[in-house]
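# Per-entry structural report
Listed here are the chains, written in short residue letters.
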Amino acid sequence: MSSIKRWQLHPQQSDLCNKISAELSVDPVISQLLLNRGISSLRKASIFLDKSDSGQRFVFAESDHQRCSDIVYQAIADQRPILLYGDYDVDGMTSVSIMLMALESCGAKVQFYIPDRFREGYGLQASVLQAIKDQGIGLLITLDCGVSNVKEISAIKSETPCQVLVFDHHQLPDPVAPADGMLNPCTLPDDDPATGLCTAGIAYAFICDFFQRYFSHLDPSPYLDLVALGTVADVAPLHGLNRSWTHHGLRLLGQRKRLGISALLEAAKFKGDTVSARDVGFTLAPRLNAAGRLASASLGVRLLIATSEDVATQLAFQLETLNLQRRDIGAKMVDEALELQSDDKRPSNVTILSNPNWHAGVIGITASRLVEHFSKPAILVSGSGPLGRGSARTVGSVNVYALLRSCRDHFLSFGGHKQAAGFTVSWDQIDAFKSSLIEKASAIDPLDLQAIIDVDAELTPKQLTLDLAKQLSTLEPFGVGNQAPLFFCDGLKALALRPVGNGQHIKATLSTLDEGLVIDAIGFNLAEKLAYFNKTPLRMVFRLTVNHWQGRSLPQLEIVDLK
């Protein structure tokens, strides 16, 4: 089912675009895209296009770097065992892998642990205290967690001689966990180039400084592939240091020098010569995340640090199998959810469904699928025992966090942001919660339920050139904070059409109305809008890309929507 989407055109600033274009020798369209992304000065534009970092040695305050580096160096010098404690998502896996390999290269006695998503849950668990005592751990470093674990870290500090460092990018609570040192981008000013770092970026920033202080013969740059992987998978904003490090890291990913990455791409039957941020999001990240959703995230770490081709191939096969299982589970859950929803005759601006037998590791993905299907917020609850775990996703301009917050009296715990949220609820509260949520959602404006497509600029057919497509590629990597540019055009018609991809997608040959220009196009998941292609002229929103085929490079349109 296709939902109607709102097209919103960014304010066009032709005079300023022409000035920036003349100064930087770029197409005025590129200037408009920079303005759309809040880049209005020539200095910022030059840095953005150059993808250079700020040249800072100290990403965080020098005193914070000094404290953390000294603690780690002394632990290595004393040969005290170091425990890395990470989260079970890709950011946790990559940050643990970076720290593990880097510290081992310095002679550290280091091990890692990632909690089970279902048995232990997120964050530092109380059970780590006994492990520290039993194993004589001298230094604990939490990665992608820890900033809120006041009780657990206080117990470690009071009952053992173990020191604690917290490398985390989550919001700072009050009080903050009493660690011996902390690196967190939330301590930085809003305009700092490091504000959007995920934990993989934090780990890399630490290693850069640590190597420069104590092991200057070691090079941190080979870890940039894992930084890019963690950054894109964690949906971190691609600006500042994230943009620079992801740009260089994606190049490394494409070179497939890391055995685990190469094996995972091979298992996924990935044939590309390069790896883009999109490839990370749709190929690498889902397979790594499948480990934490269905089995153990330690499988992902073991893959990323693998030094044997046989071991890497075996682990990649396991992750590929888990990902296929995750897809099957998700598809079954979608079918069950659609059946449940069809039985619910109450009109509502939200989809709210529950089933104790649904897999808690897949409900978030399933909620996203239901949002696409119904074009309204989706909330799913699963989990055996007295408590249910809920996951929510939204659409359009509806703030799902605020919507759920209005029902917070029904929750035992609750958190999230505008686009997604999670909670725990007693099963005996489910019916009351559903009724309350449906009532609160009745106030949603139907216009707010429409997905929004932000259009960067209108292009004429004459602007659909290979040169502009190549210039657009200089804005990569694309992702949160720097979405792939979207354009509007109504000066083309369809010459030929054919369904591809099991009939879900449309391959088209388009031309100007006088057929003076011909260009290829692909429309993913647009089979339901096949009739729109028969309209003349076509009204469409699209991306302008470069298609490399049989040694030739040609411009191509990736159609996103038609009206």
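Residues numbered from 1 in each chain as written. Predicted model: local features only at pLDDT ≥ 70, side-chain atom pairs only at ≥ 80, totals over all residues. Heavy atoms only, no water.

Moving on to the environment of L319. Considering the arrangement of structural elements, one finds L319 in helix α14 (residues 309-343). According to the relative accessible area criterion, L319 is buried, its value standing at 0%. Sequence separation of L319 and S391 is 72 residues, and the distance between their C-alpha atoms is 24 Å. If sequence neighbours within four positions are ignored, L319 has contacts with L264, R287, L288, A290, A291, L299 and L303. (Helix = DSSP H or I, 4+ residues; strand = E, 2+ residues; numbered from the N terminus. Buried < 20%, exposed > 50% of the residue type's maximum accessible area, 1.4 Å probe, protein only. Contact = heavy atoms within 4.5 Å.)

Below, the discussion takes up the pairing of strand β14 (residues 487-500). Where strand β13 (residues 457-458) lies against β14, 2 bridges are found, and the strand directions are parallel. Paired with E458 across the two strands is F488, which belongs to β14. As judged from the 4 bridges shared by β14 and strand β17 (residues 538-549), these two strands associate in the antiparallel manner. Opposite F487, over in β17, you have F542 as the bridge partner. Direction of pairing for β14 relative to strand β15 (residues 505-512): antiparallel, over a ladder of 8 bridges. Note that in β15 the partner of K493 across the bridge is S511. (Pairing = 2+ DSSP bridges.)

The next thing to look at is the sheet that holds strand β9 (residues 387-393). The strands that make up a sheet pair up through hydrogen bonds in the backbone, lying either parallel or antiparallel. An order of β7-β8-β9-β11-β10 is seen for the 5 strands of this open sheet, with the pairing classed as mixed. Where the open sheet ends on each side, the last strands, each with one partner, are β7 (351-354) and β10 (411-416). This sheet shows a mean twist of 15° between the axes of neighbouring strands, independent of strand direction. Where β7 lies against strand β8 (residues 378-382), 4 bridges are found, and the strand directions are parallel. Bridging across to β8, S354 finds its partner in V381. Strand contacts of helix α15 (residues 363-374): β7, β8 and β9, with the helix running at about 45° to β9, the strand carrying the most contacts. Across the face of the sheet, helix α17 (residues 430-441) comes into contact with β7, β8, β10 and β11 (420-426) while running at roughly 175° to β7. (Axes fitted to C-alpha atoms, helices over the stretch in contact; angles between N-to-C directions.)

Right, let's talk about the sheet that holds strand β5 (residues 163-167) for a bit. Taken together, 5 strands build an open sheet; the order of strands is β3-β2-β4-β5-β6 and the sheet is parallel. Either end of the sheet is taken by a strand with one partner, and the two such strands are β3 (110-113) and β6 (181-183). Neighbour-to-neighbour, the strand axes of the sheet open up by a mean angle of 20°, direction not taken into account. One ladder, built from 5 bridges, connects strand β2 (residues 82-86) with strand β4 (residues 139-143); its direction is parallel. Of the residues in β4, the one forming a bridge with L84 is I141.

Moving on, we get to the state of the cysteines. Taken as a whole, this structure holds 0 disulfides when the rule is applied. C145 carries a free sulfur, and the closest cysteine sulfur to it, the one in C162, is 14 Å from it. Overall, C145 belongs to the buried group, its relative accessible area being 1%. No disulfide involves C489; its sulfur sits 18 Å from that of C17, the nearest cysteine. Note on C489: relative accessible area 1%, which makes it buried. (Disulfide = S-S within 2.5 Å.)

Attention now moves to the pattern of salt bridges. Across all of its chains, the model carries 12 salt bridges by this definition. The closest approach of N and O atoms between E558 and R543, which form a salt bridge, is 2.8 Å. Residue E558 is located in strand β18 (residues 552-562), and its partner R543 is located in strand β17; the two are separated by 15 residues in the primary sequence. Exposure remark for R543: the relative accessible area of 23% places this residue in the partly exposed category. By sharing partners, the salt bridges in this structure join R278, R543 and E558 into a single network. (Salt bridge = Lys/Arg side-chain N within 4 Å of Asp/Glu carboxyl O.)

It is worth spelling out the pairing of β10 at this point. The pairing of β10 with β11 spans 5 bridges and is antiparallel. Within β11, the position partnered with F411 by the bridge is V425. Between β10 and β11, which pair antiparallel and follow one another directly, the connecting turn spans 3 residues.

Turning to the packing of aromatic side chains, a few remarks are in order. In this description, an aromatic ring pair is defined by two values, namely the gap between the centres and the angle between the planes. Scanning the model with the defined rule gives 13 aromatic pairs in all. In textbook terms, an aromatic cluster arises when at least three aromatic residues are bridged by ring pairs, as seen for Y73, F167, F206, F210, Y214 and F215. When the ring centre of F48 is taken as reference, the NZ or CZ atom of R243 above it lies at 3.6 Å. Lying across the ring of Y532, K529 places its NZ or CZ 5.6 Å from the centre. (Phe/Tyr/Trp six-rings, centres within 6.5 Å; stacked < 30°, edge-to-face > 60°. Lys NZ or Arg CZ within 6 Å of the ring centre and 35° of its normal.)

Take unusual backbone geometry next. Cis geometry marks the peptide bond from D174 to P175; its omega dihedral reads 5°. Within the secondary structure, P175 is located in the loop between β5 and β6. A cis amide bond links E476 to the next residue, P477, at an omega of 5°. Its place among the elements puts P477 in the loop between α18 (466-473) and β14. In this model, N502 sits at a positive phi of 60°, which is unusual for a non-glycine residue. Positionally, N502 belongs in the loop between β14 and β15. With a relative accessible area of 80%, N502 lands in the exposed category.

If you check which residues of helix α11 (residues 259-267) are buried, you get G260, I261, A263, L264 and L265. K269 sits one or two positions beyond α11 and adopts a positive phi of about 60°.

Let us now look at α15. Taking 1.5 Å per residue as the helical rise, α15 with its 12 residues ought to reach 16 Å, and the 16 Å between its terminal C-alpha atoms agrees with that figure. Every buried residue of α15 is listed here: I363, G364, T366, A367, L370 and V371. Taken end-on, α15 shows its buried residues confined to a sector of 155°, consistent with a single buried face. Packed against the buried residues of α15 are α14, β7, β8 and β9. Of the residues trailing α15, S375 is marked for its positive phi of about 55°. (Expected span 1.5 Å × (residues − 1). Arc of directions from axis to C-beta.)

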